[in-house]
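# Overview (structure and organization)
In case you want the letters, here they are:
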Amino acid sequence: MVAKMCALFSSSGPCTSFRRFSISLSICSSGNILNVITKNVPTAINGTKFTGHALDQMQARGVLSPNAVLDVVKNPTSILEGNTPGTTVFIRDNLKIVTNTAREIVTVILQ
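Our subject in this report is the structure included herewith. Given the structure is predicted, the values throughout are model-derived calculations rather than measurements.

## A closer look at the overall build of the protein
Scanning the protein for helices and strands turns up 3 helices and 9 strands. Taken from the N to the C terminus, the helices and strands of the protein come in the order α-β-β-β-β-β-α-α-β-β-β-β. Burial statistics for the protein: of 111 residues in total, 36% are counted as buried. Counting contacts in the protein only where the partners sit at least 6 residues apart, residues at least 24 apart contribute 23% of the total. Of the roughly 6,700 Å² of accessible surface on the protein, a fraction of 56% belongs to carbon and sulfur atoms.

See below:
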């Protein structure tokens, strides 16, 4: 099955994530599997809700500290409107944190 996915998506650009059941596969444009992780459920950390996707992305991208994420939201060097209506991007150092209108952490991007 993985070989079929690699063949189907080998020209899909940087990386594509697939979720089926409780497994997340990240497949790079070269067709290599980057990681296989269990999908996280939404969780509140220090009073801020992190979506399951945000937690998945933190794990996949090596962002180990939720406190580092929360610190960027509290003390950003830049704040931008997100690509999706109702989202805001907080940037500092090498982290981009995307929140929604409810101030939930939607995703975490390592620059």
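And the narrative resumes.
## A short note on the pairing of strand 6 (residues 78-81)
As defined by bridge partners, strand 6 adjoins strand 7 (residues 88-92) across 4 bridges and the pair is classed as antiparallel. Across the sheet, leucine 80 pairs through a bridge with valine 89, a residue of strand 7. Here strand 6 folds back onto strand 7, and the loop between the two strands holds 6 residues, one of which, glycine 86, carries a positive phi near 90°.

## A short note on the nonpolar core
Across soluble globular proteins, you tend to see nonpolar side chains buried next to one another. Residues Phe50, Met58, Val69, Ile97, Ile105 and Val108 are the most contacted members of the largest nonpolar core, which totals 15 residues. Elements represented by at least two residues in this core include exactly helix 2 (52-60), helix 3 (66-74), strand 8 (95-99) and strand 9 (105-110). Ranked by residues supplied to this core, first place goes to helix 3 with 4 residues. Every residue in contact with valine 69, bar those within four places of it in the chain, is listed here: Phe50, Met58, Val63, Ile97, Ile105 and Val108.

## Side note on the environment of valine 69
Tracing the sequence through the fold places valine 69 in helix 3. For the pair formed by valine 69 and valine 108, sequence separation is 39 residues and the distance between their alpha carbons is 7.7 Å.

## Some details on unusual backbone geometry
In the Ramachandran plot, asparagine 46 falls in the positive-phi region, its phi being about 50° despite a non-glycine side chain. Among the secondary structure elements, asparagine 46 is positioned in the loop between strand 4 (43-45) and strand 5 (48-50). Its relative accessible area of 60% is what places asparagine 46 among the exposed residues. Its identity is not glycine, yet arginine 103 carries a phi of approximately 65°, on the positive side.

## Considerations on the pattern of salt bridges
Overall, the coordinates contain 3 salt bridges when judged by the stated rule. With a shortest N-O distance of 2.6 Å, aspartate 71 and arginine 92 are connected by a salt bridge. Of this pair, aspartate 71 sits in helix 3 while arginine 92 sits in strand 7, placing them 21 residues apart in sequence. Arginine 92 is paired through a salt bridge with aspartate 93; the nearest N and O atoms lie 3.5 Å apart. Assessed through its relative accessible area of 19%, arginine 92 is described here as buried. Its relative accessible area of 65% is what places aspartate 93 among the exposed residues.

Scoring rules and cut-offs
- Residues numbered from 1 in each chain as written.
- Predicted model: local features only at pLDDT ≥ 70, side-chain atom pairs only at ≥ 80, totals over all residues.
- Heavy atoms only, no water.
- Helix = DSSP H or I, 4+ residues; strand = E, 2+ residues; numbered from the N terminus.
- Buried < 20%, exposed > 50% of the residue type's maximum accessible area, 1.4 Å probe, protein only.
- Contact = heavy atoms within 4.5 Å.
- Areas by Shrake-Rupley, 256 points an atom, 1.4 Å probe, with all protein chains shown as cover.
- Pairing = 2+ DSSP bridges.
- Core = buried A, V, L, I, M, F, W, Y, C linked by side-chain atoms within 4.5 Å.
- Salt bridge = Lys/Arg side-chain N within 4 Å of Asp/Glu carboxyl O.

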